[in-house]
Amino acid sequence: MKFAAAVIGLGNIGQGFDYDCPDSSRVLTHAAAFHYHSGFELVGGVDPDFTVRRRFTMKYGKPAFASIAELWIACSPDVVALCTPTPLHHPTFCEVVAHKPKAIICEKPLAVIPAEGKAMIEAADSAGSLLVVNYMRRFEPGVLELKRRIQTGSLGTFYKGVQWYTKGVLTNGSHFVDLLSFLFGPASRVQVLQTGRPFAEFDCEPDVLVRFGDVDVYFLAAREECFSMRDLWLISDKGDVRYTAAGEIIELRNTQQHPQLSGYTILAESSERIKTDLGRYQLHVAQAIFDALSTGSPVASTGITALSTMEVVQQMMAHSTFEVAHD
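This structure is a prediction, so every number in the text was calculated from the model and none was measured.

Calculation notes
- Residues numbered from 1 in each chain as written.
- Predicted model: local features only at pLDDT ≥ 70, side-chain atom pairs only at ≥ 80, totals over all residues.
- Heavy atoms only, no water.
- Helix = DSSP H or I, 4+ residues; strand = E, 2+ residues; numbered from the N terminus.
- Rg over C-alpha atoms; globule rule 2.2 N^0.38 Å.
- Buried < 20%, exposed > 50% of the residue type's maximum accessible area, 1.4 Å probe, protein only.
- Contact = heavy atoms within 4.5 Å.
- Lys, Arg positive; Asp, Glu negative; His and termini not counted.
- Charge placed at Lys NZ, Arg CZ, Asp CG, Glu CD.
- Phe/Tyr/Trp six-rings, centres within 6.5 Å; stacked < 30°, edge-to-face > 60°.
- Lys NZ or Arg CZ within 6 Å of the ring centre and 35° of its normal.
- Pairing = 2+ DSSP bridges.
- Axes fitted to C-alpha atoms, helices over the stretch in contact; angles between N-to-C directions.
- Parallel < 35°, antiparallel > 145°, perpendicular 65-115°, else oblique.
- Left-handed = near helix turned anticlockwise from the far one by under 90°.
- Nonpolar A, V, L, I, M, F, W, Y, C, P; charged D, E, K, R; others polar.
- Salt bridge = Lys/Arg side-chain N within 4 Å of Asp/Glu carboxyl O.

> What's the story with the overall build of the chain in this structure? I'm lost.
Within the chain one finds 10 helices and 17 strands. On C-alpha atoms alone, the chain measures out to a radius of gyration of 21 Å, which is about the 20 Å that the 2.2 N^0.38 rule sets for 327 residues. Taken along its principal axes, the extent of the C-alpha atoms in the chain is 75 × 45 × 35 Å. A total of 327 residues make up the chain; the buried ones form 51% of that total. When contacts within the chain are restricted to residue pairs at least 6 apart in sequence, long-range pairs at least 24 apart make up 68% of them. For the chain, the centre of its 29 positive side-chain charges and the centre of its 36 negative side-chain charges are spaced 4 Å apart.

Structure below.
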């Protein structure tokens with residue numbers, strides 16, 4: 001069984017991040033995932049920019065169109081990846097869902113405001129279209145193993161964490177709001193500690209305390225113009241977890257008695273690494289969509305879970321301003 005798939009928006013996540021990779025050793029885009037996964041046939045792309053349309057056709061040998069209407073006349077895909085800029089998610093989705101594809105995978109965040117997200121969920125339900133949101137860490141094998149160990153209690157009881165992020169709390173921070181909700185449960189408390197600076201036209205960089213289940217996590221904004229940072233440090237009564245390099249490294253350390261100082265407990269110098277596959281994250285998302293369409297398997301990141309993440313992020317942004325930068 002194969003599903004015809006198309007990509008709308010041929011920028012970085014559409015086709016750019018792994019464009020120069022000649023094989024499936026890196027699968028970071030929707031175009032590459034549909035190209036390499038045996039359950040899909042990449043049939044076309046859409047972008048208003050002629051240059052990126054030409055690049056798409058040069059690499060994948062498939063047509064690229066200037067409009068969604070042209071795509072549907074030529075290809076009528078079963079599955080569509082929606083990779084337009086965030087402010088265009090809602091209007092582009094409305095145009096796509098009118099064609100009633102089997103599935104739409106929307107880039108995160110689902111929309112700019114929750115009202116748009118709710119409308120998208122309702123429209124997908126009415127059309128009979130599966131709505132998946134690309135919070136790809138919910139599908140990555142290393143995260144799934146970490147979640148399994150947290151649930152078994154083998155890593156102890158977690159109570160606090162620190163999440164560093166850059167490039168806006170909606171654009172990048174939302175990835176980790178979603179990840180922490182996936183690991184520990186829904187957010188029950190949001191406290192803005194500092195409003196921070198605006199980022200782009202619709203985002204900002206607050207410092208915020210968020211409670212997920214019984215775990216308090218401090219979201220701290222670093223500056224993207226200095227360097228990108230997406231590192232999480234979680235503390236339990238038995239040790240710590242470091243989720244670094246945006247998730248390429250998941251490192252666990254246990255506690256031990258201090259070798260010289262009686263009565264002192266410290267973190268061991270040695271650590272364990274959970275095997276990750278973040279370099280092919282989009283292939284794991286494609287597999288989940290294929291399983292859902294072919295066998296009815298549940299999907300870990302849906303419009304409903306993404307809407308919950310969006311509502312938390314909106315609370316994190318509530319006291320920020322988009323006119324004046326704050327330090």
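On we go from here.
> Help me understand the packing of aromatic side chains in this model?
For the structure on display, the rule yields seven aromatic pairs. An angle of 70 degrees between the planes, with centres 5.9 Å apart, marks the rings of F3 and F290 as edge-to-face. On the criterion of sequence distance, the pair formed by F3 in strand β1 (residues 3-8) and F290 in helix α9 (residues 281-295) is long-range, its members being 287 residues apart. Grouping residues by exposure puts F3 and F290 together as buried. Here a set of aromatic residues connected by ring pairs shows up, and it is made of F3, F34, F40 and F290. Positioned above the aromatic ring of Y19, the side-chain terminus of K59 is 5.2 Å from the ring centre.

> How do you make sense of the sheet that holds strand β6 (residues 130-133) when you look at a structure like this?
Backbone-to-backbone hydrogen bonds pair the strands of a sheet. The strands run either parallel or antiparallel. Read across the open sheet, the six strands follow the order β3-β2-β1-β4-β5-β6; overall the sheet is parallel. The sheet terminates laterally at β3 (64-65) and β6, the two strands that pair on one side only.

> Which parts of the structure should I look at to understand the packing of helix α8 (residues 169-184) against helix α10 (residues 303-316)?
Describing two packed helices takes the angle between their axes plus the distance from one axis to the other. For the pair α8 and α10, interaxial distance at closest approach is 10 Å and the crossing angle is 120 degrees. Taken together, the axes of α8 and α10 are oblique relative to one another. Between α8 and α10 lies a crossing of right-handed hand. For the pair α8 and α10, the contacting residues are V169, L170, S174, V177 and D178 in the first and T305, T309, V312, V313 and M316 in the second. Partitioned by chemical class, the residues of the contact of α8 with α10 number six nonpolar, three polar and one charged.

> What should I look at first to understand unusual backbone geometry in this one?
Peptide bonds are mostly trans, and most non-glycine residues show a negative phi. Cis rather than trans, the peptide bond between K108 and P109 has omega equal to -15 degrees. Mapping P109 onto the fold places it in the loop between β5 (103-106) and α6 (114-127). Backbone geometry places A245, a non-glycine residue, at a positive phi of 55 degrees. Position of A245 relative to the elements: it lies in the loop between β14 (239-244) and β15 (249-257). According to the relative accessible area criterion, A245 is partly exposed, its value standing at 39%. Despite not being glycine, A246 has its phi angle at roughly 65 degrees, a positive value.

> Whenever I open this one, the pattern of salt bridges confuses me. Can you help?
If the charged atoms of two oppositely charged side chains come close together, the side chains can form a pair. Overall, the coordinates contain 12 salt bridges when judged by the stated rule. A salt bridge links E145 to R149, with the shortest nitrogen-to-oxygen separation between them at 2.9 Å. Taken together, the residues E145 and R149, both in helix α7 (residues 141-152) and four residues apart, mark about one turn of the helix. E272 is the partner of R149 in a salt bridge, and the nearest nitrogen-oxygen pair spans 2.8 Å. Of this pair, R149 sits in helix α7 while E272 is found in strand β17 (residues 272-274), placing the two residues 123 residues apart along the sequence. By relative accessible area, R149 is classed as buried at 15%. A residue is classified by how much of its surface remains accessible, and E272, at 36% relative accessible area, is partly exposed. Residues joined in a network through salt bridges with shared partners are E145, R148, R149 and E272.

Structural measurements only, silent on function.
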